[in-house]
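Read off the chains here:
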Amino acid sequence: MPHLNRDGVKIYYETHGEGPVILLSHGYSATSQMWRGQIQALSGKNKLVIWDMRGHGQSDYPEDEAAYSEEATVADMLALLDEVGAKTAIVGGLSLGGYMSLAFHVKHPDRVRALLIIDTGPGYRKDEGRDGWNRNALKTAERFEKDGLGQLQGASRERSSATHRNAVGLAKAARGMLTQRDARVINSLPEIKVPSLVLVGDKDTPFLAAADYMAAKIPGAKKVVLADAGHASNIDQPRAFNDAVEAFIRSVA
């Protein structure tokens, strides 16, 4: 499978099928392989693009911590769309991947046909909430530096099944990509004008309120709650997940 060279940082990606492009981004400390159960369903009439973020999976793990950021991730997503020749795409992801999809829409709304926001939070309007999130992100980085990849064994399914070369990239990604800087993403929700699907597992307790909030704030958003699914809703209930996403894609088409 190919790599995209981003100023010396190689970004791993895969394409499946032909047609309008769907770009899916994985969650923090997961990889593109979390979408294996969606490839057949979503690539029949579309070109599905999945990829590994910096410091994850088969992409490069830059030594410079400055190479890990929301801005770099959004730029990687734009470069991927350019690489596959997509003027616009359905852009989505799970958890961090969903947040980055919203951030991508803030920066490049003209490149987004629709949004898939899966088991995701939109960030924080108040500094107190963001500071708490960032403290947890920095603790996550410290745990990876201290304990290595072993701590993924007890994580949610998209993370526990992931393969990484080492934990150093994940620690740097936690500091640069998982941490949040401002309220731009959450404040952008009422300005979203593209069709949006907000999807969450009914057992993904930390993200249920966030899903309600985004569905209320994004004009015309559709919300789907998957029964008996946790944070990795696409893995916990792949058939129900695929049915919901395919129905949404048909409505966009």
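Thresholds, definitions, all that
- Residues numbered from 1 in each chain as written.
- Predicted model: local features only at pLDDT ≥ 70, side-chain atom pairs only at ≥ 80, totals over all residues.
- Heavy atoms only, no water.
- Buried < 20%, exposed > 50% of the residue type's maximum accessible area, 1.4 Å probe, protein only.
- Helix = DSSP H or I, 4+ residues; strand = E, 2+ residues; numbered from the N terminus.
- Pairing = 2+ DSSP bridges.
- Right-handed = clockwise from strand over helix to strand, strands pointing away.
- Salt bridge = Lys/Arg side-chain N within 4 Å of Asp/Glu carboxyl O.

The element strand 5 (residues 89–94) is extensively covered by neighbouring structure, given that 6 of its 6 residues are classed as buried. On strand 5, burial covers both faces: A89, V91 and G93 on one face and I90, G92 and L94 on the other are all buried. Bridging between strand 3 (residues 21–25) and strand 5 involves 4 bridges; their strand directions are parallel. In the strand pairing of strand 5, I22 is matched with I90. Where strand 5 meets strand 6 (residues 112–118), 6 bridges bridge the pair, whose relative direction is parallel. Within the sheet, the bridge partner assigned to V91 lies in strand 6 and is L115. Considered for its hand, the β-α-β crossover made up of strand 5, helix 3 (residues 96–107) and strand 6 is right-handed.

Time to look at the pattern of salt bridges. Across all of its chains, the model carries 13 salt bridges by this definition. We note a salt bridge from R184 to E71, for which the minimum N-O separation is 3.8 Å. With a gap of 113 residues between them, R184 in helix 7 (residues 184–188) and E71 in helix 2 (residues 70–83) connect regions that are remote in the sequence. Judged by its relative accessible area of 43%, R184 is partly exposed. When the shortest N-O distance is used, the salt bridge between D127 and R130 registers 2.9 Å. Here the residue D127 and the residue R130 both occupy positions in helix 4 (residues 127–147), the gap between them amounting to 3 residues, near one helical turn. Connected via shared salt-bridge partners are E70, E71, D182 and R184.

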